[in-house]
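Residue strings, one per chain:
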Amino acid sequence: MSRYKFDRNRKFFPGYKFGGGHWRSVAVQIISKPEIYHGAGFKLRADERVRVQEPLQICLECRSKSKKCDKQLTHIVRVSSRNYFVVYQQDICHNVIYTRHIVIYSCIYVNYVLHLFYNLNLPKMDTRFLLPNKFKLMGWILLVPSTILGLIQLFYLSGSGLKFLDVKMFTIYSGNFAPWGSSSVILGFDKVNFTGTIIGIFFILGAVMVAFAKEKHEDEFIAKIRLESFLWATYINYAVLIFCFLFFYGIGFMYVMIFNMFTVIILFIARFNYILYKTTKQLKYEKQS
Amino acid sequence: MKNSLKVERAIKDITQEELAKVIGVSRQAINSIELGKYVPSTILALKLSRYFGKSVNEIFKLEETD
C-alpha cells in the first residue's frame, strides 16, 4: 500500500478544480503499469477507505459525498496517474486533452462494466418463479401450431387475416402508418382483424410456458444453464438486430421488427435445450464406457 | 478446480444416476462436475462430502490457475 496524495492547489482536469479535503488522499496499491492505452495510468487496487475523483465516481456508481464506505470502492479501478499533470503542465491545446479524457474515461467505464461482468455473482435462481413441469408439454402444443400459423399468415396472407375474425374492438390507438392521421382512432372502437392477435397471444403463452416450465429435475446446474442461456440469447438477439438495422430498410425493416418481437425467447429456448441435450448426450457416452 | 468425485464414486460403487438421486440433483449436474465443467455450490459440495464421509478438501482441490 502506498499513499497517493493529490496536491491541494493543482487542477486535476482542465477547467475543473476539485475541492474538499476528503477527496484527495487515496491509498492505492499499484498492480501493473499501463499497457492498453497511453496515459491511462496505473491499475490500482483501492482499499475500502478510498475516495476517488469525481469522473471515476461514474464508473464506481457512487455519487454520494458521504463519508460512508461504499462497497463498490473495493473493486479494482483505474485511477489516473500523474501523466495528466504532465500533459496539463505542458500546456497542450485544451481540446486535445478533453478528447483524450473522453476516450480514457470511456475506456475506464467499459473496463469497469467488463469487470462487473467477469465477477457477476449470480444469485441462486429461485425456482418459485418457474412454472410446474406439466406446462412444458402444454407450451409446446401451443407454440408449434401458432408458429406455423404465424408464418403462414405473414407470408401467404401477407399480414391480412381471416374474414370471420373481423371484430369491433376497443383500441388505445389504431391507425395506419402516418401517425395521428385522419383515419386513426384513439381510445375508441375500431374495426380490427383478430387473426394476428390470437396467433401472437398463443405464441407468447406457449413460448413462455416452454421457456419457464421447470425441468423434471430442476437444480442449481440447470439454473445456471438457464441464466447463461438468457444472457447469450439477449446478446445474440441484439447483435442480429444491429445487423438488421444496418441492412434492412422500409417494409423489410417492419418484417425484422415483427420477427424481433419473438426472437429473444426463441433463441433462449433453442440454446437452453441444446445445452441440456448436449449434457444428456455426454451422459449416454458415460454409461457405455 | 480438480475433483476426485469419479474416484469416490468408484470406491462406493455407485452410478452417476444413483448418486444424483441420493443427493437430490440432476444427473447432468453430477456428470458436469466430474468432467470439470461445472463448479458446484457450497451446499452441493457439502452434501457430497457428507455422503462420501470425507471433507470437501479431499474431494475438491484448487488448481494453480484458480
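Only a predicted model underlies this, so the values are computations on that prediction, with no experimental measurement involved.

Secondary structure assignment for chain B yields five helices and two strands. For chain B, the α and β elements follow one another from N to C terminus as β-α-α-α-α-α-β. Buried positions account for 41% of the 66 residues belonging to chain B. Across chain B, contacts joining residues at least 24 apart in sequence account for 59% of those joining residues at least 6 apart. Accessible surface, chain B: about 4,000 Å² in total, of which carbon and sulfur atoms supply 52%.

Before going further, it helps to examine the confidence of the model for chain A. Chain-level statistics for chain A give a pLDDT mean of 69 and a share of 58% at 70 or above. Confidence over residues 1–91 of chain A falls short of pLDDT 50; this stretch has 164 contacts with residues more than four positions distant or in other chains.

Residue and element names in this part refer to chain B. Orientation of helix α2 (residues 16–23) relative to helix α4 (residues 42–52), taken along the N-to-C sense of each, is 110 degrees, at an axis distance of 10 Å. Classified by the angle their axes make, α2 and α4 are roughly perpendicular. Contacts from Leu19, Val22 and Ile23 in α2 reach Leu44, Lys47, Leu48, Tyr51 and Phe52 in α4. For the contact of α2 with α4, a count of residues per class yields seven nonpolar, no polar and one charged.

The subject of this paragraph is the interface of chain A and chain B. In this assembly, 14 residues from chain A lie in contact with 19 residues from chain B. Interface area for chain A against chain B, summed over the two sides, is near 1,300 Å², with a carbon-plus-sulfur share of 50%. There are zero salt bridges connecting chain A and chain B. Linking chain A to chain B there are four residue pairs in polar contact (both at pLDDT 80 or more). Sorting elements by how many residues they give to the side of chain A that touches chain B places helix α7 (residues 251–288) of chain A first, with seven residues. Of the residues that constitute the side of chain A that touches chain B, the class distribution is four nonpolar, four polar and six charged.

The terminal C-alpha atoms of helix α6 (residues 220–247) of chain A, which comprises 28 residues, lie 41 Å apart, in line with the 40 Å expected from a rise of 1.5 Å per residue. Within α6(A) the residues assigned to the buried category are Glu220(A), Phe221(A), Ile222(A), Ala223(A), Ile225(A), Arg226(A), Ser229(A), Ala233(A), Asn237(A), Leu241(A) and Cys244(A).

One pass over the structure, following the stated rule, counts six salt bridges over all chains. With a closest N to O distance of 2.4 Å, Lys136(A) and Glu215(A) form a salt bridge. Note that Lys136(A) is positioned in helix α4 (residues 135–155) and Glu215(A) in the loop between α5 (195–212) and α6, a separation of 79 residues in sequence. A relative accessible area of 13% means that Lys136(A) is categorised as buried. Across the pair Glu8(B) and Lys54(B) runs a salt bridge whose closest N-O atoms are separated by 3.2 Å. Taken together, the residues span a long stretch of sequence, with Glu8(B) in helix α1 (residues 5–12) and Lys54(B) in the loop between α4 and α5 (56–59) at a distance of 46 residues. Looking at Glu8(B), the relative accessible area reads 7%, which means it is buried. When salt bridges that share partners are traced, they join Lys224(A), Glu228(A) and Arg271(A) into one network.

Low-pLDDT stretches of the model should not have their predicted coordinates read in fine detail. All names here are of chain B. In the predicted model, chain B carries a mean pLDDT of 87, and the fraction of residues at 70 or more is 100%. Predicted confidence in chain B is weakest over strand β1 (residues 2–3), with a mean pLDDT of 86, and strongest over α4, with 90. Across the whole predicted complex the pTM is 0.58, and at the interface the ipTM reaches 0.81.

Taken together, Trp140(A), Val144(A), Ile148(A), Leu149(A), Leu151(A), Ile152(A), Phe155(A), Tyr156(A), Leu157(A), Leu162(A), Phe164(A) and Phe259(A) make up a surface patch of nonpolar side chains, about 1,200 Å² in accessible area. It is α4(A) that provides the largest number of residues to the nonpolar patch, a total of seven residues.

A few words on unusual backbone geometry. Even without being a glycine, Asp13(B) presents a positive backbone phi close to 55 degrees. You can see Asp13(B) is positioned in the loop between α1 and α2.

Here the focus is the side chain of Thr279(A). With respect to the element layout, Thr279(A) can be found in helix α7. For Thr279(A), a relative accessible area of 9% corresponds to the buried category. Leaving out residues up to four positions away in the same chain, Thr279(A) has contacts with Phe221(A), Gln28(B), Asn31(B) and Ser32(B).

With that out of the way, let us pick up the side chain of Arg271(A). Within the secondary structure, Arg271(A) sits in helix α7. Residues in contact with Arg271(A), not counting those within four places in the same chain, are Glu228(A), Ser229(A) and Trp232(A).

Each value, and the rule that gives it
- Residues numbered from 1 in each chain as written.
- Chains lettered and ligands numbered in written order.
- Predicted model: local features only at pLDDT ≥ 70, side-chain atom pairs only at ≥ 80, totals over all residues.
- Heavy atoms only, no water.
- Helix = DSSP H or I, 4+ residues; strand = E, 2+ residues; numbered from the N terminus.
- Buried < 20%, exposed > 50% of the residue type's maximum accessible area, 1.4 Å probe, protein only.
- Contact = heavy atoms within 4.5 Å.
- Areas by Shrake-Rupley, 256 points an atom, 1.4 Å probe, with all protein chains shown as cover.
- pLDDT = per-residue confidence, 0-100.
- Axes fitted to C-alpha atoms, helices over the stretch in contact; angles between N-to-C directions.
- Parallel < 35°, antiparallel > 145°, perpendicular 65-115°, else oblique.
- Nonpolar A, V, L, I, M, F, W, Y, C, P; charged D, E, K, R; others polar.
- Buried area = accessible area lost by both parts, 1.4 Å probe.
- Salt bridge = Lys/Arg side-chain N within 4 Å of Asp/Glu carboxyl O.
- Polar contact = N/O pair within 3.5 Å; in protein donor to acceptor, adjacent residues only side chain to side chain.
- Expected span 1.5 Å × (residues − 1).
- Patch = residues over 30% accessible without salt bridge, like charges linked within 9 Å, V, L, I, M, F, W, Y side chains within 5 Å.

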